[in-house]
Amino acid sequence: MFIAIVVFVVVSSAGWPEVQKAFFDRQLFVDSFPEIAHAFLLNIRIFCIAEALILVFALGIAVLRGLPGPVLFPFRLLAVAYTDLFRGIPTILVIYILGFGAPALQLSGVPNSPLFWGVTALVLVYSAYVAEVYRAGIESVHPSQEAAARSLGLSRPKTLRFVIIPQAVRRVIPPLLNDFIGLQKDSALVALIGPIEAFRQSQIDVAATFNYTPYMVTALLFVLLTIPMARLTDWLIARDRRRQSAGGLR
Amino acid sequence: MSEEAAALRLEGVRKSFGPVEVLRGVDLDVSEHEVVCLIGASGSGKSTLLRCINLLERINAGRIVLHGEEITHAKNVNTVRRRVGIVFQAFNLFPHMTVLRNVTLAPREVLGKSRAEAEAEATALLDRFGLADRRDEYPDRLSGGQQQRVAIVRALAMRPELMLLDEVTSALDPELVAEVLSVIRELAEAGMTMVIATHEMSFARDTADRVCFLDAGKILEQGPPEEIFTQPREERTRQFLDRVIAAGRL
């Protein structure tokens with residue numbers, strides 16, 4: 001109902017014909033679609049690579065942060081400083097700083113491509129978030145599980161590997177996927193330092209035609225990609241809830 | 001008793017949690033093949049004592065000697081723990097692993113047994129305690145009594161020199177207590193050295209070689225069960241047993 005009203009108000013507004021022309025040009029939509037879709041493949045590559053790296057890197061940070069004892073305090077401090085820093089700085093700034101700063105250092109053996117540094121920036125930022133998700137999962141595993149494992153003579157690393165982390169990861173899959181949806185969208189930010197991904201391609205098309213329809217193409221592509229991920233997350237949450245009510249605690 | 005003869009010897013064991021002194025100088029000798037039951041009110045230190053023997057808690061003063069070898073400040077707690085099995089009140093099985101994997105994890109990862117060897121031994125043990133058909137189930141599909149029997153089997157799979165049982169029937173529905181107690185009785189008959197914290201007085205009377213009454217962090221009185229249960233010397237023991245009888249637990 002509400003949506004119907006909004007649609008009606010928008011469509012019946014005085015400026016609608018102009019907006020329709022500028023944003024919903026059917027011919028332009030069809031014309032610009034292949035190019036943008038092709039550029040979108042770069043987005044997919046960016047976040048697939050980033051996600052794989054984040055999964056591993058963030059787990060390392062989370063484990064570091066959970067290390068016990070006063071001797072390992074510097075490691076814990078390092079992990080805390082890392083998450084504070086990269087959750088604090090806006091993603092776009094990290095991308096700018098790395099994308100323009102790192103190549104300027106002219107380090108040998110390090111790639112200078114903006115794409116490399118863009119992905120690196122995304123990995124650094126999102127690892128800070130995902131590490132916190134992992135940490136919440138690790139802390140949600142009851143201490144008696146660790147006691148049970150340690151009492152059998154398993155070392156702490158093996159306890160983490162076989163008992164704690166498998167249970168923690170299962171519990172955090174839904175929030176993890178949620179963060180990855182955010183990451184998919186933020187892959188567009190990499191465009192700001194050069195690589196021609198979907199958003200950048202649509203900007204180029206817009207500049208060439210003075211029409212905003214290509215933006216709508218890009219928006220549509222992102223939504224289409226996000227929906228399966230969102231449904232998967234919903235399904236996993238629902239499955240977890242069913243399991244918990246069936247299996248009780250333990 | 002010489003140290004060589006004792007499977008376990010505790011000398012003046014003290015343990016504090018912050019300002020609270022939970023164990024206030026416990027002395028105890030346990031001979032090979034002996035079954036010692038610890039009785040006493042909640043908070044008297046039974047569980048803490050067992051956790052200290054397994055080095056899950058570090059003691060503040062005193063000595064712990066296992067088969068003539070002092071383990072009080074053992075550098076490698078894991079090598080001690082593989083010799084001392086412990087079963088907890090709440091079952092603490094690993095919920096993400098099948099029964100078989102629960103039982104074989106430590107033999108494989110701690111003792112370095114091959115998968116085939118560990119599984120053959122585990123299957124034999126499960127068979128012995130009537131759990132063979134549950135081998136491939138996940139813990140939440142088992143009854144509480146079955147879970148606790150699996151937990152006992154899991155500890156036994158490490159071939160411990162000493163078993164510590166911490167109120168293993170307290171979390172069970174009354175009708176499931178018997179099956180677990182019969183497992184423990186069978187272990188006692190097979191000559192397993194055990195220290196058992198329990199509220200099941202009739203079980204203690206029937207199975208224990210010796211009963212120790214813990215009160216406020218000390219062993220106040222100990223002796224053969226018939227003596228402790230029929231003619232306790234200490235007033236505190238008598239009061240405790242009267243309360244137990246009033247509650248219908250003896």
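As a reminder, the structure under discussion sits directly above these lines.
Residues numbered from 1 in each chain as written. Chains lettered and ligands numbered in written order. Predicted model: local features only at pLDDT ≥ 70, side-chain atom pairs only at ≥ 80, totals over all residues. Heavy atoms only, no water.

Caption draft 1: View of the layout of surface pockets. Residues and elements named next belong to chain A. Its volume calculated, the second largest pocket comes out at about 300 Å³. In terms of lining residues, the second largest pocket is bounded by 15 residues, among which Gly66, Ile138, Glu139, Glu146 and Arg156 are the most central. Put simply, the parts of the chain that give the lining of the second largest pocket at least two residues each are α3 (26-65), α6 (114-140), α7 (143-151) and α8 (156-186). (1 Å grid on protein atoms, 1.4 Å probe; cavity = no way out; pocket = protein on both sides within 12 Å on 5 of 7 lines; lining within 4 Å. Points joined across faces, edges and corners; volume = space filled by probe spheres on them. Helix = DSSP H or I, 4+ residues; strand = E, 2+ residues; numbered from the N terminus.)

Caption draft 2: Examining the environment of Arg171(A) more closely. Residues and elements named next belong to chain A. Within the secondary structure, arginine 171 sits in helix α8. Separated by 69 residues in the primary sequence, arginine 171 and aspartate 240 have C-alpha atoms spaced 8.1 Å apart. In this view, arginine 171 contacts Ser140 and Val141; residues no more than four positions away in its chain are not counted. At a separation of 2.7 Å, a polar atom in the side chain of arginine 171 contacts the main-chain carbonyl oxygen of serine 140. (Contact = heavy atoms within 4.5 Å. Polar contact = N/O pair within 3.5 Å; in protein donor to acceptor, adjacent residues only side chain to side chain.)

Caption draft 3: The interface of chain A and chain B, seen in detail. Taken together, the 19 residues of chain A in the interface contact 27 residues of chain B. In total, about 1900 Å² of surface goes out of reach between chain A and chain B, with carbon and sulfur atoms giving 60% of it. Scanning the region where chain A abuts chain B turns up one salt bridge. A salt bridge links Lys158(A) to Glu109(B); the nearest nitrogen and oxygen atoms lie 3.4 Å apart. (Buried area = accessible area lost by both parts, 1.4 Å probe. Salt bridge = Lys/Arg side-chain N within 4 Å of Asp/Glu carboxyl O.)

Caption draft 4: Fine view of the sheet that holds strand β4 (residues 61-66) of chain B. Residue and element names in this part refer to chain B. Spatially, β2-β1-β4-β5 is the arrangement adopted by the four strands of the open sheet, whose pairing is antiparallel. Each edge of the open sheet is held by one strand with a lone partner, namely β2 (20-31) and β5 (69-70). Where strand β1 (residues 6-17) lies against β4, five bridges are found, and the strand directions are antiparallel. Across the sheet, glutamate 11 pairs through a bridge with arginine 63, a residue of β4. Along the sheet face, helix α1 (residues 46-53) touches β1, β2 and β4 and points at about 115 degrees away from the line of β1. (Pairing = 2+ DSSP bridges. Axes fitted to C-alpha atoms, helices over the stretch in contact; angles between N-to-C directions.)

Geometry only, nothing functional implied.
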